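Coordinates in review
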Amino acid sequence: MNKNKLYFVMAERKISCQEMCDRLHMSRSAFYRKVNGISEFTQSEIQAIVDILQLKSPMGIFFDEEVS
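Keep in mind the model is a prediction, meaning the values are calculated, not measured.

Looking only at helix α3 (residues 28-35), the buried set comprises A30, F31, K34 and V35. Looking down the long axis of α3, one finds its buried residues gathered within 135 degrees of arc, a one-sided arrangement. On the buried face of α3, the contacting elements are α1 (3-12), α2 (17-24) and α4 (43-52). Where α3 terminates, the next one or two residues include G37, which has phi positive at roughly 80 degrees.

Packing of α1 against α3 brings their axes to within 10 Å, and their N-to-C directions diverge by 130 degrees. Classified by the angle their axes make, α1 and α3 are oblique. For the pair formed by α1 and α3, the contact residues are K3, L6, Y7 and M10 on the first element and F31, Y32 and V35 on the second. Here the residues of the contact of α1 with α3 are counted per class, giving 6 nonpolar, no polar and 1 charged.

A few words on the packing of α2 against α4. Taken N-terminus to C-terminus, the directions of α2 and α4 make an angle of 125 degrees; their axes are 10 Å apart at the nearest point. Considered as vectors, α2 and α4 are oriented oblique to each other. With respect to the hand of their crossing, α2 and α4 are arranged in right-handed fashion. Of the residues in α4, those in contact with M20, R23 and L24 of α2 are E45, A48, I49 and I52. Among the residues making up the contact of α2 with α4, the classes are represented as 5 nonpolar, no polar and 2 charged.

Quick look at the side chain of E45 now. Within the secondary structure, E45 sits in helix α4. From its side chain, E45 meets the backbone nitrogen of T42 in a polar contact 2.8 Å long. Apart from the residues lying within four places of it in its own chain, the contact partners of E45 are L24, M26, K34 and E40.

What counts as what
Residues numbered from 1 in each chain as written. Predicted model: local features only at pLDDT ≥ 70, side-chain atom pairs only at ≥ 80, totals over all residues. Heavy atoms only, no water. Buried < 20%, exposed > 50% of the residue type's maximum accessible area, 1.4 Å probe, protein only. Helix = DSSP H or I, 4+ residues; strand = E, 2+ residues; numbered from the N terminus. Arc of directions from axis to C-beta. Contact = heavy atoms within 4.5 Å. Axes fitted to C-alpha atoms, helices over the stretch in contact; angles between N-to-C directions. Parallel < 35°, antiparallel > 145°, perpendicular 65-115°, else oblique. Nonpolar A, V, L, I, M, F, W, Y, C, P; charged D, E, K, R; others polar. Left-handed = near helix turned anticlockwise from the far one by under 90°. Polar contact = N/O pair within 3.5 Å; in protein donor to acceptor, adjacent residues only side chain to side chain.

By themselves, these figures tell us nothing about what the structure is for.
If you want it as structure tokens, here you go:
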């Protein structure tokens with residue numbers, strides 16, 4: 001989980017943490033626990049974030065990009 005990249009993309013798209021939490025139907029504390037690696041995002045939450053941020057893929061934020 002690359003939280004800095006997540007926050008960067010959220011800022012680029014002008015989506016606040018509160019708006020993200022509202023759209024995910026998640027408390028801010030739960031969101032912060034997941035962003036900080038205390039607990040994990042579910043597959044459906046990752047897909048929802050990808051959709052909200054209009055990303056092509058979760059790679060780079062949720063998963064390391066493979067280097068060949």
